[in-house]
Amino acid sequence: MNIDGERTLLGAMLWATAALSAPITTMMILRVGGVPALSVGALGVLLFGAALLCTHINQRLDDQADDENASDADDHAHFADDTPLECSGLRVLRIGKGSPLKGHLIEKSVILKINGVCPATADEANHALVEGRNEIEWMGRNRKPLIAHITIQEHEHDLLAQFEQLNPRPAPPVSTEAPA
């Protein structure tokens with residue numbers, strides 16, 4: 001059974017158990033009363049709470065999976081143009097602790113340029129950094145180019161991030177001259 005089937009089965013079992021606990025609780029209150037009825041009632045409330053929590057978690061997992069699928073499709077659709085791009089682009093997979101990118105870029109964004117340089121690898125991105133103020137042109141999920149300014153201290157030429165290269169190097173300009 002796949003994970004979606006297991007989540008659905010768990011939710012159905014919790015809701016069925018919670019629904020069956022309601023008449024049992026009512027019967028216990030009418031016939032027995034007192035502490036036994038309160039304990040069965042508390043169990044029913046816990047079951048309904050667990051069923052609501054399970055439903056909420058399942059919905060969030062479904063939404064998160066949909067968001068990831070949509071963002072991956074958007075990323076690939078943007079870079080699937082037939083025309084060569086000016087920059088190859090680096091997708092930010094993870095931003096490490098202490099990274100100068102933290103608070104300026106988000107994970108899954110795409111770095112287009114650093115100080116006017118189009119980095120194709122993490123090493124090129126790190127070498128494009130200069131001491132002091134650096135300008136990073138990047139693109140978020142909305143595919144609009146944005147600019148971030150980060151400050152690099154002395155001897156701190158590492159972005160402390162994990163990247164994924166999105167495109168091969170841009171195609172060189174095509175010469176229109178006829179061969180001799």
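Please refer to the structure higher up on the page.
Residues numbered from 1 in each chain as written. Predicted model: local features only at pLDDT ≥ 70, side-chain atom pairs only at ≥ 80, totals over all residues. Heavy atoms only, no water.

K.L.:
Please explain the packing of aromatic side chains as it appears in this structure.
P.N.:
Here a ring pair, both rings aromatic, is described through the centre-centre distance and the interplanar angle of the planes. Summed over all chains, the structure comprises one aromatic pair. Between the aromatic rings of Trp15 and Phe48, the centroid separation amounts to 6.1 Å while the plane-to-plane angle is 70°, which identifies the pairing as edge-to-face. Here Trp15 is found in helix H1 (residues 3-31), whereas its partner Phe48 is found in helix H2 (residues 34-78), with 33 residues between them in sequence. Of the residues examined, Phe48 reaches a relative accessible area of 32% and is grouped as partly exposed. (Phe/Tyr/Trp six-rings, centres within 6.5 Å; stacked < 30°, edge-to-face > 60°. Helix = DSSP H or I, 4+ residues; strand = E, 2+ residues; numbered from the N terminus. Buried < 20%, exposed > 50% of the residue type's maximum accessible area, 1.4 Å probe, protein only.)

K.L.:
What is the right way to read the pattern of salt bridges from this model?
P.N.:
Once the charged atoms of two side chains with opposite charge are near each other, the side chains can pair. Under the definition given, this model contains one salt bridge. Across the pair Glu164 and Arg91 runs a salt bridge whose closest N-O atoms are separated by 3.0 Å. Note that Glu164 is positioned in strand E5 (residues 161-165) and Arg91 in strand E1 (residues 90-95), a separation of 73 residues in sequence. (Salt bridge = Lys/Arg side-chain N within 4 Å of Asp/Glu carboxyl O.)

K.L.:
What is the right way to look at H1 in this model?
P.N.:
Each turn of an α-helix holds 3.6 residues, which means side chains three or four residues apart point in the same direction. Helix length check: H1 (29 residues) gives 42 Å between terminal C-alpha atoms against 42 Å at 1.5 Å per residue, within 8%. Among the residues making up H1, those that are buried are Arg7, Gly11, Leu14, Ala18, Ser21, Thr25 and Met28. A positive phi of about 70° marks Gly33, the residue just after H1. (Expected span 1.5 Å × (residues − 1).)

K.L.:
Explanation requested: the nonpolar core in the structure shown.
P.N.:
In this structure, Leu101, Leu105, Ile111, Ile114, Ile136 and Leu159 are the most contacted members of the largest nonpolar core, which totals 17 residues. Breaking this core down by element, the ones donating at least two residues are E1, strand E2 (110-114), strand E3 (132-139) and strand E4 (145-152). In this structure Leu101 touches Ile95, Ile111, Ile136, Ile150, Leu159, Ala161 and Phe163, once residues within four positions along its chain are discounted. (Core = buried A, V, L, I, M, F, W, Y, C linked by side-chain atoms within 4.5 Å. Contact = heavy atoms within 4.5 Å.)

K.L.:
Explanation requested: unusual backbone geometry in the structure shown.
P.N.:
Leaving glycine out, the prevailing phi sign among residues is negative, and the prevailing peptide bond configuration is trans. The phi dihedral of Lys108 falls on the positive side, at around 75°, and the residue is not glycine. Structurally, the position occupied by Lys108 is in the loop between E1 and E2. Of note, Leu160 is a non-glycine position whose phi angle comes to about 50°, a positive value. For Leu160, the location among the structural elements is in the loop between E4 and E5.

K.L.:
How should I be thinking about the sheet that holds E4 in this particular structure?
P.N.:
Sheets are built from strands paired through backbone hydrogen bonds, the pairs being either parallel or antiparallel. Read from one edge of the open sheet, five strands run E4-E3-E2-E1-E5, paired in antiparallel fashion. If you trace the sheet from one side to the other, it starts and ends with E4 and E5, each paired once. Adjacent strand axes in the sheet meet at a mean angle of 40° when their direction is disregarded. Pairing of E2 with E3, which is carried by four bridges, proceeds in the antiparallel orientation. Counted as the bridge partner of Ile111 is Trp138 from E3. (Pairing = 2+ DSSP bridges. Axes fitted to C-alpha atoms, helices over the stretch in contact; angles between N-to-C directions.)

K.L.:
How do you make sense of the pairing of E3 when you look at a structure like this?
P.N.:
Moving residue by residue along a regular strand, the side chains alternate between the two faces of the sheet. Note: E3 against E4, eight bridges, orientation antiparallel. Within E4, the position partnered with Arg133 by the bridge is Thr151. Counting the residues that bridge the hairpin from E3 to E4 gives five residues, and of these Arg143 lies at a positive phi of roughly 65°.

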